[in-house]
Amino acid sequence: TGSLGNTEAGMWIARQFEGLGIAPLNGSYSQSFKATDGSVGRNIVGILPSAGRSFNRRYMIVAAHYDGFGELDGAIYPGADSNASGVAAMLNIGKMISAMVSYGKTYRQNIIFVALDAKNLSMGGAKALWESIENREMRNPLTGEAIGKEDISMMVNIDQIGSCLSP
């Protein structure tokens, strides 16, 4: 969190969102917050609005964190395990749903995709996301409606699919 590599990873995820037709919330994919160590964290947030006939106020969140230690006290913590694997799964879910829409299939809920930062700093990105929902700071880009906690039906958090670390 706060490093050049972390910023580059976040912007790469934002470009993937854009390529999948996942729209930014509040005019930007990046939502900044202050992490516990004083660094600037950035959640990458986008939405696939409901493809149903009428606007649905329900939202499902699909999330994965994208920060990682890399190395801590000489031990290597592969980012591919924690949590590039979760980010890859989240992006593939976005790709699948975008493909469904291109084939004329619809889905009933709005889907918010979030790449969370600062998981390794007291879950800072998750806390910042929830605060923005509680404070109704996010708005649906199609309707302008604020998104509050009563509008969230579920959250799927994808973390560390498999591992190359031995016990």
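Attention here is on the structure that accompanies the text. Note that the structure is a prediction, hence the values are computed from the model and not measured.

What counts, and at which threshold
Residues numbered from 1 in each chain as written. Predicted model: local features only at pLDDT ≥ 70, side-chain atom pairs only at ≥ 80, totals over all residues. Heavy atoms only, no water. Helix = DSSP H or I, 4+ residues; strand = E, 2+ residues; numbered from the N terminus. Contact = heavy atoms within 4.5 Å. Buried < 20%, exposed > 50% of the residue type's maximum accessible area, 1.4 Å probe, protein only. Pairing = 2+ DSSP bridges. Core = buried A, V, L, I, M, F, W, Y, C linked by side-chain atoms within 4.5 Å.

Moving on to the side chain of Asp-151. With respect to the secondary-structure elements, Asp-151 resides in the loop between helix H3 (124–134) and strand E8 (152–157). Contacts of Asp-151, omitting those with residues within four sequence positions, involve Arg-57, Arg-58, Tyr-59, Arg-136 and Ala-146.

Our focus in this paragraph is unusual backbone geometry. One non-glycine residue with positive phi stands out, namely Ser-122, at about 60 degrees. With respect to the helices, strands and loops of the structure, Ser-122 is situated in the loop between strand E7 (110–116) and H3. Overall, Ser-122 belongs to the partly exposed group, its relative accessible area being 43%. One non-glycine residue, Met-123, adopts positive backbone phi at about 60 degrees. Topologically, Met-123 is positioned in the loop between E7 and H3.

It is worth spelling out the pairing of strand E4 (residues 59–65) at this point. Taking burial as the measure, the 7 residues of E4 include 6 buried ones, the bulk of the element. Pairing of E4 with E8, which is carried by 5 bridges, proceeds in the parallel orientation. Each residue of the ladder has a partner; that of Val-62, found in E8, is Val-156.

Turning our eyes to something else, we now look at the nonpolar core. Grouped together as the largest cluster of nonpolar side chains are 19 residues, with contacts concentrated most on Ile-13, Phe-17, Ile-44, Val-87, Met-90 and Phe-113. No other element matches the 4 residues that helix H2 (residues 80–102) contributes to this core. Setting aside anything within four residues of it in sequence, one finds Ile-13 in contact with Ile-44, Tyr-66, Val-87 and Ala-115. Judged by nonpolar contacts, the second largest core, of 14 residues, contains Val-45, Ile-47, Tyr-59 and Met-138.

Scope: geometric values only; no functional claims are made or implied.
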